[in-house]
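# Understanding the architecture of this molecule
What follows is each chain in one-letter form.
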Amino acid sequence: FPSANAKVLSVAWSPDAKLIFGGCADGTIRCYNTETRANAYRMTVENYGGNPTLVWSLLVLSDYTVVSGDSLGHVQFWDGRTGTLAQTVNKH
């Protein structure tokens, strides 16, 4: 993952394999274009306190919804085409 300054903890590909998403130890999800190898955009998960939230798991659905699971126990749903957060589900 070019320009990822943090460890990549999870990886998922888009249904057409044109985008790859990496969940990082710095609380970000990075999206890369596999054809141009360019960083398309970055999504930032919620963070409480001084330590970054770890993005442990990623899944990309057929409609490009990106589902992320993190170290705070949150499951977040993102628009994988734009990087916009759609919904957060907390563990409680």
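In the block above lies the structure referred to throughout.
Reference entry: report on the structure contained in this document. (Residues numbered from 1 in each chain as written. Predicted model: local features only at pLDDT ≥ 70, side-chain atom pairs only at ≥ 80, totals over all residues. Heavy atoms only, no water.)

### As for the nonpolar core
As a reminder of what qualifies: To qualify as a nonpolar core, a set must consist of buried Ala, Val, Leu, Ile, Met, Phe, Trp, Tyr and Cys residues joined through side-chain atoms within 4.5 Å. Burial status follows relative accessibility: with a 1.4 Å probe on protein chains alone, a residue under 20% of its type maximum counts as buried, one over 50% as exposed, and anything between as partly exposed. The way it works is that DSSP assigns letters per residue, a run of H or I at least four long becomes a helix, a run of E at least two long becomes a strand, and they are numbered from the N terminus.
Core analysis: the biggest nonpolar cluster contains 14 residues, and Phe21, Ile29, Met43, Leu58, Val66 and Trp78 have the highest contact counts within it. Within the residue set of this core, elements represented by two or more residues are β2 (19-24), β3 (28-33), β4 (39-44) and β5 (55-60). Of the residues forming this core, the biggest block, three residues, is contributed by β5.

### A word on unusual backbone geometry
Positive phi values are uncommon outside glycine, yet Ala17 reaches one of about 65 degrees. In the Ramachandran plot, Tyr64 falls in the positive-phi region, its phi being about 70 degrees despite a non-glycine side chain. Its location among the elements puts Tyr64 in the loop between β5 and β6 (65-70). According to the relative accessible area criterion, Tyr64 is buried, its value standing at 8%.

### Quick word on the environment of Leu9
Test applied: In this analysis, two residues are considered to be in contact whenever any of their non-hydrogen atoms come within 4.5 Å of each other.
One can find Leu9 in strand β1 (residues 8-13). Taking the C-alpha atoms as reference points, Leu9 and Val55, 46 residues apart in sequence, are found 6.6 Å from one another. Apart from the residues within four sequence positions on either side, Leu9 is in contact with Gly23, Cys24, Ala25, Leu54, Val55 and Trp56.

### Description of the environment of Gly23
In this structure, Gly23 sits in strand β2. As a C-alpha pair, Gly23 and Leu61 span 38 residues in sequence and 16 Å in three-dimensional space. Ignoring sequence-local partners within four residues, the contact set of Gly23 consists of Lys7, Val8, Leu9, Ser10, Thr28, Val55 and Leu58.

### Let's talk about the environment of Val55
Its place among the elements puts Val55 in strand β5. Exposure remark for Val55: the relative accessible area of 0% places this residue in the buried category. Considered as a pair, Val55 and Val45 are ten residues apart in the sequence and their alpha carbons are 8.0 Å apart.

### Comments concerning the sheet that holds strand β8 (residues 84-89)
For the record, the criterion: Any two strands between which DSSP finds at least two bridges are classified as paired. Angles run from 0 to 180 degrees between N-to-C directions of axes, and those axes are lines fitted to C-alpha atoms, restricted for helices to the stretch in contact.
Within the open sheet, the four strands sit side by side as β5-β6-β7-β8. Their pairing is antiparallel. The strands lining the two open edges of the sheet, one partner per strand, are β5 and β8. Neighbour to neighbour, the strand axes of the sheet diverge by 20 degrees on average, direction disregarded. In this sheet, strand β7 (residues 75-79) lies alongside β6 in antiparallel orientation, the contact comprising five bridges. Note that in β7 the partner of Ser68 across the bridge is Gln76.

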